[in-house]
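Structure at a glance
Okay, here's what each chain looks like letter by letter:
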There are 2 protein chains.
Amino acid sequence: MPESALPYRPHNHQNCVSQALADATAICRQQNARLTPIRERVLELIWQSHKPLGAYDILGMLGAEGHNAAPPTVYRALDFLLQHGLVHRISSLNSFIGCTQAGEHHRGMFLICRQCGNVLELAAPEVAQAVESAAESEAFLPEDITLEIAGLCPRCQVESRHD
Amino acid sequence: MPESALPYRPHNHQNCVSQALADATAICRQQNARLTPIRERVLELIWQSHKPLGAYDILGMLGAEGHNAAPPTVYRALDFLLQHGLVHRISSLNSFIGCTQAGEHHRGMFLICRQCGNVLELAAPEVAQAVESAAESEAFLPEDITLEIAGLCPRCQVESRHD
DNA sequence: CTGCAAATGTTATAATGTTTCAAAATTTGC
DNA sequence: GCAAATTTTGAAACATTATAACATTTGCAG
């Protein structure tokens, strides 16, 4: 049996978060971008959840910890993080998730479980390749690819058979 | 030079619309679904535009022609049309476009021009295949695929070179 | 330390989507 | 046909997501 992907099995997630923050710090330094406290905190909140967070979820969490922020604060932080490839936006959910391949040039592809809400980011270069050549066969110049796959994750498939 | 795809060249678009409405009527009859006047009108409005329409765009158009509808009216019509595969939702734009392959079982893939706003629906079974096998390699059961490619259509690539 | 640019705060508002309950139309069983 | 059941639509209120505009603060370069 193949080892299941990370989000689908128990692990010390705080390590993921720390690693992501360390990576983000390095990437920002390299790009001469400022990972300010708010931006860092938003990134951390996003990473602490394996499920995508909405802007207003983040807003609520900031509020709960005493930082009484308004929507633009969060959206600006998110814009920054998107811009620097540190998070992805999941259009079909209006929400955000940490990028597991920050820094590397890639097209995100997401497996979104409709049952448990977990999201797995896939690299899948062969898919990206297929998509790009399909676009090019129409003489279309692709710039940004949104690829979101909703369905059932391995764990939830098993559970739904117990009905 | 290959013939460019339909939305990218001039044509009598009213024919497209009529054909789409005729197809929709047939499909609904076959599925025992009721293509009521509102639903048909919403479908027609969507088809008359090559660019995706937002729910509130449709609402405005209905209002302009005297039908003073509230948001749920439009969203319900859209839900119906989505359910029966007559339109697609473009998540990344919060908007809707007519399905060019209504009735056939397929996964939509969209080429969205960021310049002119036109959208081309592609069949691309080899892409669908690649996506599905990538999902299955993670033991994920795919149900719904959102694949939206933003970029420049052939015409707008040419124009942007004239800068 | 001063002036500029970037980042954040603040208020208001726009855009998108849903809940709920009531009324009307359509189908179904008889 | 007709009455009950179902589906569809109307209408009002509300919830969620996102942005605009402008004031203030912070960090940095000279």
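Quick look at the structure, then. Not measured: the values here are computed from a predicted model.

Overview of the overall build of chain A
- When helices and strands are tallied, chain A shows 6 helices and 5 strands.
- Listed by position from the N terminus, the elements making up chain A come as α-α-α-α-β-β-β-β-α-β-α.
- The C-alpha radius of gyration of chain A comes to 17 Å, within 12% of the 15 Å expected for a compact globule of 163 residues.
- Considering only C-alpha atoms, chain A reaches an extent of 50 × 45 × 25 Å along its principal axes.
- The buried share among the 163 residues of chain A stands at 35%.

Examining the protein's contact with DNA strand D
- Every one of the 18 residues lining DNA strand D counts as a neighbour, but Pro71(A), Pro72(A), Asn94(A), Thr36(B) and Pro72(B) are closest to it.
- Residue assignment for the surface near DNA strand D shows that the elements contributing at least two residues are α3 (55–64) and α4 (71–83) of chain A together with α2 (37–48) and α4 (71–83) of chain B.
- When residues of the surface near DNA strand D are assigned to their parent elements, the largest contribution, 4 residues, is made by α4(B).
- Of the residues that constitute the surface near DNA strand D, the class distribution is 10 nonpolar, 5 polar and 3 charged.

Remarks on the protein's contact with DNA strand C
- Surrounding DNA strand C, one finds 19 residues, the nearest of these being Thr36(A), Ala70(A), Pro72(A), Pro71(B) and Pro72(B).
- If you list the elements that add at least two residues to the surface near DNA strand C, you get α2 (37–48) and α4 of chain A together with α3 (55–64) and α4 of chain B.
- Looking at the surface near DNA strand C, the element that brings in the most residues is α4(A), giving 4 residues.
- Taken together, the residues that form the surface near DNA strand C break down as 10 nonpolar, 5 polar and 4 charged.

Remarks on the pairing of strand β4 (residues 119–122) of chain A
Residues and elements named next belong to chain A.
- Residues Val119 and Glu121 point to one face of β4 and Leu120 and Leu122 to the other, with burial holding for every one of them.
- Across 4 bridges, the pairing between strand β3 (residues 109–113) and β4 is antiparallel. Bridge assignment links Phe110 to a residue of β4, and that residue is Glu121.
- From the end of β3 to the start of β4, which pair antiparallel, there are 5 residues, and Gly117 there has a positive phi angle of about 85°.

A closer look at the pairing of strand β5 (residues 141–152) of chain A
- Sheet analysis places β3(A) next to β5(A), joined by 4 bridges and oriented parallel. Bridging from a neighbouring strand, Ile112(A) pairs with Ala150(A) of β5(A).
- Of the strand pairs in this sheet, β5(A) and strand β5 (residues 141–152) of chain B are connected by 11 bridges, and their pairing is antiparallel. From the neighbouring strand, Pro142(A) faces β5(B), where its bridge partner is Gly151(B).

As for the environment of Phe140(A)
- Turning to its location among the elements, Phe140(A) is positioned in the loop between α5 (125–136) and β5.
- Put simply, Phe140(A) and Asp57(A) are 83 residues apart on the chain and 37 Å apart in space, counted from C-alpha to C-alpha.
- In contact with Phe140(A), not counting residues within four places along its chain, are Ala135(A), Leu111(B), Gly151(B), Cys153(B) and Pro154(B).

Conventions used here
Every residue gets a number counted from 1 within its own chain, in the order that chain's sequence is written. Chains and ligands are labelled sequentially in the order written, the chains with letters from A and the ligands with numbers from 1. Only residues with pLDDT of at least 70 get local features here, since the model is predicted, and only at 80 or more are side-chain atom pairs given and counted; chain-wide, interface and lining totals rely on the full set of residues. In DSSP terms, a helix is any run of H or I states spanning at least four residues, a strand is any run of E spanning at least two, and both are numbered starting from the N terminus. Atoms counted for the radius of gyration: C-alpha only. Globule rule: 2.2 Å times the number of residues to the power 0.38. Exposed residues have 12 or fewer other C-beta atoms within 10 Å of their own C-beta, buried residues have 20 or more, and residues in between are partly exposed; the C-beta atoms are placed from the backbone. In this text, near has one meaning. A residue is near a molecule or strand if its C-beta atom, placed using the backbone, is within 6 Å of it. Residue classes follow a fixed rule: Ala, Val, Leu, Ile, Met, Phe, Trp, Tyr, Cys and Pro count as nonpolar, while Asp, Glu, Lys and Arg count as charged, and any other residue, Gly among them, counts as polar. A pair of strands is treated as paired once DSSP finds two or more bridges between them. For the purpose of contact definition, each residue receives a C-beta atom placed from its backbone, and two residues are in contact when these atoms lie within 7 Å.

None of this, on its own, says anything about what the molecule does.
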